Amino acid sequence: MNPFTNHTGLVVPLDRANVDTDQIIPKQFLKRIERTGFGKFLFFDWRYLADGKANADFILNQPRYRGASILVAGKNFGCGSSREHAPWALAEYGIRAVIAPSFADIFANNCFKNGMLPVTLPGSTVGEIMQRTQENEGYKLTLDLNNQTIVDEIGLSINFQVSAFQRYCLLEGLDDIGLTLRHEDSIKAYEATRKN
Amino acid sequence: MTLFEKLWQAHIVREAQNEPTLLYIDLHLIHEVTSPQAFDGLREAGRRVRRPDLTFGTADHNVPTTDRSLPIADAIAAKQIETLRNNCAEFGIQLFDINSPEQGIVHVIGPELGLTQPGMTIVCGDSHTSTHGAFGALAFGIGTSEVEHVLATQCLPQNKARTMKVQTSGRLPEGVTAKDLALAIIGKIGTDGATGYVIEYAGDAVRGLTMEGRMTLCNMSIEAGARAGMVAADETTFAYMQGRRFAPKGEAWDAALKYWKTLRSDDDAVFDKVVEIDASSLEPFVTWGTNPGMVVPVSSCVPDPSDAKTLADRQAAERALEYMALSPRTNIQDIAIDRAFIGSCTNARIEDLRAAARVVKGYHINSSVSALVVPGSYDVKKEAEREGLDRIFSEAGFEWREPGCSMCLGMNPDILEPGERCASTSNRNFEGRQGRGGRTHLVSPMMAAAAAIKGHFTDVRNWEFK
């Protein structure tokens, strides 16, 4: 897994609550057997019109947000299906972190497994970041996972919290299967207590 | 202790400070869509499947529901199914393949085969794994990286969820089903009302549900954001399980039963949150918007966004109504439909089909509606055909299909056309879920059947059964 240590990037505001994984990557693109090839289908139904042309109204298509790598969104981001294709699509598009007031559990887990940082902040703080993004073209944030801070270039400085273990795994880019396999003795001991 | 805490305790492989707990997984179900990348990961790292004997596969998400003797027209879908077949063969995993008599939706066949048992930890790369909690199991959906983790280690690092009790009182009235109870709960607490929690459903209304009803209820837990949903096992559970193919037999059954009977929340157990609901006051429910929390009783009307409590809620409601092409304050029963779908891991079990067939019997679907019945498994299909339900549906103008997820998520050719409005027994009414531009209203099987016949939503409590 790619580590996540710190990242400075252009911010794009997606001012909607309950963005579900069907929107992030619609089902017709889930048939691939690879982990790659999903980025171009990210937010497909919102990003493209029925005739296949780019939807100029959709925020990701606006020129000022081209190249954005930090997505700011409303509460309950990533709800719905467990499809890991959602963070795969976001990552391939270039998103490294998502900031929201809350995340669906499975989606947040899937992010951590893919070197992507989900940052949970109070709704008022998310609102403040959205406003700054809209008011300042080229608005950037710097996320520092080690110190758990977010700063911008115009005076914003806030702290966020990620569990110690998830932070450690992200910072080191750890393969957590390898970590579990280190506890082979514990697994064997547990299995010995079970009949099946 | 709560039931959840008992199951958690019984599956701890390792605990350490500042680390998630390593939990043992008793049953791992896999399907074609979320497993191929996990097997690739195993191969790249040179790892094996630790417990192929605790792992079972089926193809359900993208399978066609039309004639299975024909080759699959979609080459990419065919390759995904072929990949599952090859992976299961390579790693020694039992597969209920597309033409096997046990094939079906993963959350329908697990219980049907007796694989799903009280007290187990059960995972699958699918959010509706919460279904299996109906048996007093701890069952939850995982992503593909976690599928790989379980394949390689039979364990998962997990942070302990908080506990929520949904305490029901009274009995569900005639014509009001487990689906309506689930929609009522989601309507009450919201689609993120249970995020971070495991729900235990308790009380008279839940005890009165059949296993099929309990599965419907637990299935929808994820739509409230819950990690899992569960119902403590009781005589209803044991009666359902006895004699099933993978259920314990003889002395093993007696021993299992003794253990299973201990799997209930203690009387003095403390939950982090309690939600109370009076089941006897509920009506059939119909969703009007683009998430399952946007739901109202059938006797009411589409809400007016200007009544919303917050600006964000108002904007979400306005956007939903625009997508759904509905006006505020429209009577629910004035909403006309184009399609009806009876199926999915929520509502495609035999009891669901019986309930829908009871409504359909002696009627024909409205001339402006096309309708589909997709049994949850071949076992369900066979039983329905034995009871003659297929004929009731076919004579009424419903298409009678082969088992799979079908139009619940539209990964196969069963999709809505842009602008089509569907009464659906599935679990998600997200934008485009059943097909780009499609408009989904979630309802119970009886309500979907009645809507198909009338051509618009109607209160099934007033139905004239023939």
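As the structure is a computational prediction, the values presented were derived from the model and not from experiment.

1. Quick notes on the pairing of strand S16 (residues 370-373) of chain B
All names here are of chain B.
Stage number 1. Across four bridges, the pairing between strand S15 (residues 339-342) and S16 is parallel. Across the sheet, Phe 341 pairs through a bridge with Leu 372, a residue of S16.
Stage number 2. Handedness of the crossover is the feature at issue here: the chain leaves S15, passes through helix H12 (residues 350-360), returns alongside S16, and the resulting connection is right-handed.
Stage number 3. The pairing of S16 with strand S17 (residues 398-400) spans three bridges and is parallel. By the bridge assignment for S17, Leu 372 is matched with Glu 399.

2. Observations regarding the packing of helix H6 (residues 178-189) of chain B against helix H8 (residues 211-219) of chain B
Residues and elements named next belong to chain B.
Stage number 1. Remark: H6 packs on H8, axes separated minimally by 8 Å, with the N-to-C direction vectors making an angle of 25°. For the element pair H6 / H8, the angle class is roughly parallel. The chirality of how H6 crosses H8 is right-handed. On H8, the residues that touch Ala 178, Lys 179, Leu 181 and Ala 182 of H6 are Gly 213, Thr 216 and Leu 217.

3. As for helix H13 (residues 378-386) of chain B
Residues and elements named next belong to chain B.
Stage number 1. Of the positions making up H13, those classed as buried are Tyr 378, Asp 379, Val 380, Lys 381 and Ala 384.
Stage number 2. On its buried face, H13 sits against helix H4 (106-112), H12 and helix H14 (389-395).
Stage number 3. Positive phi shows up at Gly 388, right after H13, with a value of about 80°.

4. What about the interface of chain B and chain A?
Stage number 1. With 52 residues of chain B in contact, the opposing surface of chain A contributes 41 residues.
Stage number 2. The dominant element in the side of chain B that touches chain A, judged by the number of residues it contributes, is helix H5 (residues 144-153) of chain B, at seven residues.
Stage number 3. Partitioned by chemical class, the residues of the side of chain B that touches chain A number 18 nonpolar, 22 polar and twelve charged.

5. Regarding the confidence of the model for chain B
Stage number 1. For chain B, the average pLDDT comes to 97, and 100% of its residues sit at 70 or higher.
Stage number 2. Scored as a complex, the prediction yields pTM 0.97 and ipTM 0.96.

6. Things to note about the sheet that holds strand S5 (residues 94-96) of chain B
Residues and elements named next belong to chain B.
Stage number 1. Taken in spatial order, the five strands make up an open sheet running S5-S4-S3-S6-S7, and their pairing is parallel. Because the sheet does not close on itself, it has two edges, and the strands there are S5 and strand S7 (138-141). Strand-to-strand twist in this sheet, taken as the mean axis angle between neighbours without regard to direction, amounts to 20°.
Stage number 2. Alignment of strand S4 (residues 55-58) against S5, held across three bridges, turns out to be parallel. Residue pairing in the sheet places Phe 56 in a bridge with Gln 94 of S5.

Each value, and the rule that gives it
Residues numbered from 1 in each chain as written. Chains lettered and ligands numbered in written order. Predicted model: local features only at pLDDT ≥ 70, side-chain atom pairs only at ≥ 80, totals over all residues. Pairing = 2+ DSSP bridges. Helix = DSSP H or I, 4+ residues; strand = E, 2+ residues; numbered from the N terminus. Right-handed = clockwise from strand over helix to strand, strands pointing away. Axes fitted to C-alpha atoms, helices over the stretch in contact; angles between N-to-C directions. Parallel < 35°, antiparallel > 145°, perpendicular 65-115°, else oblique. Left-handed = near helix turned anticlockwise from the far one by under 90°. Contact = placed C-beta atoms within 7 Å. Buried ≥ 20, exposed ≤ 12 C-beta atoms within 10 Å, placed from the backbone. Nonpolar A, V, L, I, M, F, W, Y, C, P; charged D, E, K, R; others polar. pLDDT = per-residue confidence, 0-100.

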